[in-house]
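Residue-level structure breakdown
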Amino acid sequence: MTATPDPAPLRLPVRPELAHEEPYGAPQLDVPVLLNVNENPYRPSDAVVASIASAVADAAVTLNRYPDREFRTLRTALGAYLERESGVGGLDADHLWAANGSNEVMLHLLQAFGGPGRTALSFAPTYSMYPEYARDTNTAWVAGRREEDFTLDVDVAARLIEEVRPAVVLLPSPNNPTGTALPLDTVRRLLDVARTSGPDGAATVLVIDEAYAEFRREGVPSALELLASNPHLAVSRTMSKAFGMAGARVGYLAAAPALVDALRVVRLPYHLSAVTQAVALAALAHTDELMAQVASLRAERDELATWLLEHGLDAVPSDANFVLFGRFRDRHAVWQGLLDAGILVRETGPDGWLRVSVGTPQETAAFKAALVEVLA
Ligand SMILES: *Cc1c(COP(=O)(O)O)cnc(C)c1O
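Residues numbered from 1 in each chain as written. Predicted model: local features only at pLDDT ≥ 70, side-chain atom pairs only at ≥ 80, totals over all residues.

An unreviewed UniProt entry annotates the protein chain as Histidinol-phosphate aminotransferase of Serinibacter arcticus. Heading Pathway (unreviewed entry) of the UniProt record for the protein chain holds this comment: "Amino-acid biosynthesis; L-histidine biosynthesis; L-histidine from 5-phospho-alpha-D-ribose 1-diphosphate: step 7/9." Comment text from UniProt for the protein chain, heading Sequence similarities (unreviewed entry), reads "Belongs to the class-II pyridoxal-phosphate-dependent aminotransferase family. Histidinol-phosphate aminotransferase subfamily." (UniProt positions renumbered as here; feature names shortened; annotations may be inferred.)

This is the structure in structure tokens:
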């Protein structure tokens, strides 16, 4: 046999800006108490599981066919849910969009409105996925700053928008990782600026990412209230957090029909599987039960924040299902100490802070006990 010479080493044509990137994601570790990615700690009830199983069985017999590409039944149900949750009506199927998690919804937004020569803007500290959507769509990324207390100074924000002229502004409310909600006056003011602050005098699309909106405190409004008068506003939501359906991958947004139509152009054909649509519809039929659970998680959150303050720590006031707490000279040591005790929290946000999700009362008790030990 003649030896074949080694072929020249082959190089994959990875985009240069991706060459040294690692896949993003919080550590998925197998520990008893998971308080790191803001999931709902309660598994779906037996009643919810039964509804989902039956809906999936019905969908299964149709799986030789592509799913409903426009999924108007689900969009209608999501609009009805939003009306119930926020009191804002008139959100029919034309005003709704959905995808595999709000992560994909936001990718659609950047595919439709971002791209080469365009810029997306947010204010740090904020959700760590935003710069990735920008990178993946070849959109320039600019991050302004929030204030020391993690609120947004509306004058600073308005000035930066006018200067940067972004195609898209991404603002979570409540913010992740701080839990800070945006006052509607701030959103209103930014929407006014955004009417002509985009590329070539077009509007900037203002995305209010309300992934945690259901956890907001009494009297805190939703940006859904501003949709009717703002065709450049998109309010994004998810079934991953309050709804306890992170594993189903369903996110959605409400916006004016013209904005939704732009997203319909960039989505992959049949992006939302028949199984996903069936699961989401079945879960939405149990809204009452899920909303009662959210109320108890909210109470648990307030109690946890108070406990942290009483123990001499800082805790950022939160409208979400997590609390940013600190401040630690060596936050990694505290994170590791908690992990050694079987409790996984998130090492994220500005240095010195850690983020803990609200768990069941038992999980929260285990977290408190471990934290007292670690800090002793
Ligand atoms: C968790 C989260 C989401 C939701 O992501 P999904 O893709 O819907 O699971 C969106 N935005 C923020 C700020 C989040 O923290």
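Right, let's talk about the site of the ligand for a bit. Near the ligand lie 14 residues; those nearest to it are G101, S102, N103, T238 and S240. Classifying every residue of the shell around the ligand by side-chain character gives four nonpolar, eight polar and two charged. (Near = placed C-beta within 6 Å. Nonpolar A, V, L, I, M, F, W, Y, C, P; charged D, E, K, R; others polar.)

Before going further, it helps to spend a moment on the environment of R159. Among the structural elements, R159 can be located in helix α5 (residues 154–164). Given 13 C-beta atoms within 10 Å, R159 falls into the partly exposed group. In the structure, R159 is positioned 24 residues away from P183 in sequence and 18 Å away in space, judged by C-alpha atoms. (Helix = DSSP H or I, 4+ residues; strand = E, 2+ residues; numbered from the N terminus. Buried ≥ 20, exposed ≤ 12 C-beta atoms within 10 Å, placed from the backbone.)

The next point concerns helix α7 (residues 257–266). Within the sequence span of α7, burial applies to L259, V260 and L263. The arc enclosing the buried residues of α7, seen along the axis, measures out at 100°, which places them on a common side. Facing away from the buried surface of α7 by more than 90 degrees, the exposed residues are P257, A258, R264 and V265. Tucked inside the fold, the buried residues of α7 contact β2 (96–99), α3 (102–113), β7 (233–238) and β8 (251–255). (Arc of directions from axis to C-beta. Contact = placed C-beta atoms within 7 Å.)

Bringing the domain arrangement of the protein chain into the picture now. For the protein chain, the assigned domains are domain 1 (16–44 + 288–375) and domain 2 (48–286). Elements that contribute at least two residues to the side of domain 1 that touches domain 2 include exactly α9 (287–310) and β10 (322–326). It is α9 that provides the largest number of residues to the side of domain 1 that touches domain 2, a total of seven residues. Class assignment of the residues belonging to the side of domain 1 that touches domain 2 gives a composition of 13 nonpolar, six polar and eight charged. (Domains from an automatic or database assignment.)

Moving on to the packing of helix α2 (residues 72–86) against helix α8 (residues 274–284). At a minimum axis separation of 10 Å, α2 and α8 run at an interaxial angle of 30°. The angle between α2 and α8 places the two elements in the roughly parallel class. With respect to the hand of their crossing, α2 and α8 are arranged in left-handed fashion. Residues T73, L74, A77 and Y81 of α2 form the contact with α8, whose participating residues are Q277, A280, L281 and L284. In the contact of α2 with α8, the residues fall into six nonpolar, two polar and no charged. (Axes fitted to C-alpha atoms, helices over the stretch in contact; angles between N-to-C directions. Parallel < 35°, antiparallel > 145°, perpendicular 65-115°, else oblique. Left-handed = near helix turned anticlockwise from the far one by under 90°.)

Looking now at the sheet that holds strand β9 (residues 314–315). With antiparallel pairing, the three strands of this open sheet are ordered in space as β9-β10-β12. Looking at the sheet topology across the chains shown, the edges are occupied by β9 and β12 (354–357). Summarising the sheet, β9 and β10 pair through two bridges and their orientation is antiparallel. Residue pairing across strands places D314 opposite G326, the latter belonging to β10. This element, α9, spans β9 and β10 of the sheet and lies at about 5° to β10. (Pairing = 2+ DSSP bridges.)

What follows concerns the UniProt feature "modified residue: N6-(pyridoxal phosphate)lysine" (unreviewed entry) in the protein chain. Residues given the UniProt feature "modified residue: N6-(pyridoxal phosphate)lysine" (unreviewed entry) here are K241. Looking at where K241 falls in the secondary structure, it is placed in the loop between β7 and β8. Assessed through the 27 C-beta atoms surrounding it within 10 Å, K241 is described here as buried. If we ignore the near neighbours within four places in the chain, the residues touching K241 are N38, N40, A211, Y212 and N321.

What follows deals with α3. Over its 12 residues, α3 runs 16 Å from end to end, which matches the ideal 16 Å to within 8%, given 1.5 Å per residue. Burial analysis of α3 places 11 of its 12 residues in the buried class, the great majority of the element. Restricting attention to buried positions, one finds in α3 the residues S102, E104, V105, M106, L107, H108, L109, L110, Q111, A112 and F113. Among the residues trailing α3, G115 stands out with phi positive, at a value near 110°. (Expected span 1.5 Å × (residues − 1).)

Below, the discussion takes up the sheet that holds strand β4 (residues 140–145). Reading across from one edge, β2-β8-β7-β6-β5-β3-β4 is the order of the seven strands in this open sheet, with mixed pairing throughout. With one partner strand each, in any of the chains shown, β2 and β4 form the two edges of the open sheet. On average, adjacent strands in this sheet sit at an angle of 25° to one another, irrespective of strand direction. Sheet topology note: the strand β5 (residues 168–172)/strand β6 (residues 205–209) ladder contains five bridges and is parallel. Residue pairing for β6: V169 is matched across the bridge by L206.

In this section: the packing of α3 against α7. Close contact between α3 and α7 brings their axes to 9 Å; oriented N to C, the two are set at 90°. Here α3 lies roughly perpendicular to α7, going by the angle between them. Note on element contacts: α7 touches α3 through A262, L263, V265 and V266, opposite H108, L109, Q111 and A112. Considering only residue class, the contact of α3 with α7 consists of six nonpolar, two polar and no charged.

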